[in-house]
Amino acid sequence: SLKLQELALNRGRPEEAATIARRRAANFETRPRDDLYAVIDALIWQADSGLADQAARRATGTVTAAARLPADPRDDFYFHYCASHLWAGMRRPGEAAERVTALRRVPDPMVHTQSIYLRFCADVLDAEHAVATGRPDATRAIERLDSLSRTAPPTLTWVLALGNLTAARLWETTGDPRRALEAVRRRLYITDYGEPRALVAHATFLREEGRLAALLGDTTTATRAWRKFMALRAQAEPSLQPEVAQVRARLQALGGER
């Protein structure tokens, strides 16, 4: 059911994806990492924000109830810790700095999977805050996130997708669309138990690759990316039809629609 949910999100069908997610939650226990994935899905994959808010509330409840941080950075608690701070920091930018400080309190960064997730959450929020507030170290903050997104293990699909898309958006914001295009072209092609996975936020990557390539005058890359996007979104739900229409118009302007 998780793969069906991923496919629905790439096809531009968030309501269908939410139905699948609710059905799975009714039949299987929700893992802490699932709540983090729900938050990231809403941030970069147009998933249901209500589900993400519920996941963040569960995560925040777990974090609030904890008397102290677990000493073992492998504890699943840290998936909730990341989800709670990431959702709050992205939706309430004024809290971003304190959220980054909290995330970086955890020991042994980059040693275990959970601590790498925490590093991503901290670096995403720090780069966002640095650019939004015009900090003098903004470029360094984006570079730190960009570097982590290039060097972290490829199995960390959700946070890698978040890292690359955030780095791309911030590179463009700070006037470097070429580095932004490089970031959105870093997509993960991995397998799960021998079967190909649906690429996390693949449609988002394709849409942004086309837009940035067109901005840089690379019409061949833009046309290729947007054609793939349109193929994925051929049966998008009504809520995403305006976006499909916009990409179709841009593709037509390049003479690339078939």
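In what follows, the structure referred to is the one given above.
Read on for a plain summary of the structure. Everything quoted here is computed from the prediction, not taken from an experiment.

### Details of the overall build of the protein chain
Along its length, the protein chain carries 13 helices and two strands. Its C-alpha atoms give the protein chain a radius of gyration of 18 Å, within 12% of the compact-globule value 18 Å for 258 residues. Relative to its full complement of 258 residues, the protein chain shows a buried share of 49%. Nonlocal contacts in the protein chain, meaning residues at least 24 apart in sequence, comprise 61% of its contacts between residues at least 6 apart.

### Topic: the layout of surface pockets
A volume near 520 Å³ is recorded for the largest pocket. What lines the largest pocket is a set of 28 residues, among which Gln5, Ala21, Arg24, Thr30 and Asp34 lie closest to the centre. Elements with a contribution of two residues or more to the lining of the largest pocket: α1 (2–10), α2 (14–27), α3 (32–44) and α4 (49–65). The class makeup of the residues in the lining of the largest pocket is 16 nonpolar, three polar and nine charged.

### Focus: the state of the cysteines
Summed over all chains, the structure comprises one disulfide. Between the sulfur of cysteine 82 and that of cysteine 121 lies a disulfide, 1.7 Å long from S to S. Its S-S torsion of approximately 60° makes the covalent link between cysteine 82 and cysteine 121 right-handed. Of this pair, cysteine 82 sits in helix α5 (residues 77–91) while cysteine 121 is found in helix α7 (residues 113–132), placing the two residues 39 residues apart along the sequence. An identical accessibility class is assigned to cysteine 82 and cysteine 121; each is buried.

### Some points on the nonpolar core
By size, the foremost hydrophobic cluster in this structure holds 65 residues, and its most contacted members are Leu36, Ile40, Ile44, Tyr81, Leu86 and Phe120. Examining the composition of this core, we find that eleven residues originate from one element, α7, more than from any other. Sequence-distant contacts of tyrosine 81, defined by excluding residues within four places in its chain, comprise Val63, Leu69, Ala102, Leu103, Arg105, Val106 and Leu118.

### Thoughts on the packing of α4 against α5
Orientation of α4 relative to α5, taken along the N-to-C sense of each, is 125°, at an axis distance of 8 Å. Considering the angle they form, α4 stands oblique to α5. Crossing of α4 over α5 shows left-handed handedness. Residues Ser49, Ala52, Asp53, Ala56, Ala59, Thr60, Thr62 and Val63 of α4 lie in contact with α5, whose contacting residues are Phe77, His80, Tyr81, Ala83, Ser84, Trp87 and Arg91. Of the residues belonging to the contact of α4 with α5, the class tally is eight nonpolar, five polar and two charged.

### Re the side chain of glutamate 237
Note on placement: glutamate 237 falls in the loop between α12 (219–232) and α13 (241–253). Among the polar contacts made by the side chain of glutamate 237, one reaches the main-chain amide nitrogen of glutamate 15 at a distance of 2.8 Å. Not counting chain neighbours up to four residues away, the residues in contact with glutamate 237 comprise Gly12, Arg13, Pro14, Glu15 and Glu16.

Thresholds applied
- Along each chain, residue indices are assigned from 1 in the same order as the chain's sequence is written.
- Only residues with pLDDT of at least 70 are given local features in this predicted model, and only at 80 or more are side-chain atom pairs given and counted; all residues enter the totals for whole chains, interfaces and linings.
- Heavy atoms throughout the structure, all of them, feed into the side-chain values; hydrogens and water do not.
- A run of H or I in DSSP becomes a helix once it reaches four residues, and a run of E becomes a strand once it reaches two; helices and strands are each numbered from the N terminus.
- Each radius of gyration is computed over the set of C-alpha atoms, and the globule rule expresses the reference value as 2.2 Å times the number of residues to the power 0.38.
- Exposed residues in this analysis have more than 50% of their type's maximum accessible area, buried residues have under 20%, and partly exposed residues fall in between, with area computed by a 1.4 Å probe over protein chains only.
- When checking whether two residues touch, look at their non-hydrogen atoms; a contact exists if any pair is within 4.5 Å.
- Lining residues are those with an atom within 4 Å of a point, where the points come from a 1 Å grid over the protein atoms alone and group into cavities, where a 1.4 Å probe fits but cannot get out, or pockets, open sets with protein on both sides within 12 Å along at least five of seven lines.
- Grid points are joined across faces, edges and corners, and a volume is the space filled by probe spheres set on the points.
- Think of it as three bins: nonpolar holds Ala, Val, Leu, Ile, Met, Phe, Trp, Tyr, Cys and Pro, charged holds Asp, Glu, Lys and Arg, and polar takes everything else, Gly as well.
- Here, the term disulfide refers to a pair of cysteine sulfur atoms separated by no more than 2.5 Å.
- Among buried residues, those of type Ala, Val, Leu, Ile, Met, Phe, Trp, Tyr and Cys that are joined through side-chain atoms within 4.5 Å constitute a nonpolar core.
- Helix axes are fitted only over the stretch in contact, all axes being lines through C-alpha atoms; the angle between N-to-C directions runs from 0 to 180 degrees.
- In this scheme, roughly parallel covers angles under 35 degrees and roughly antiparallel covers those over 145, while 65 to 115 is roughly perpendicular and the rest are oblique.
- Crossing handedness is defined as follows: a turn of the near helix away from the far one that is anticlockwise and smaller than a right angle gives a left-handed crossing, while the clockwise case is right-handed.
- Under this definition, polar contacts are N or O atom pairs within 3.5 Å; protein pairs additionally need one hydrogen-donor-capable and one acceptor-capable atom, and for neighbouring residues in sequence, both atoms have to be side-chain atoms.

Distances and angles like these do not, on their own, reveal function.
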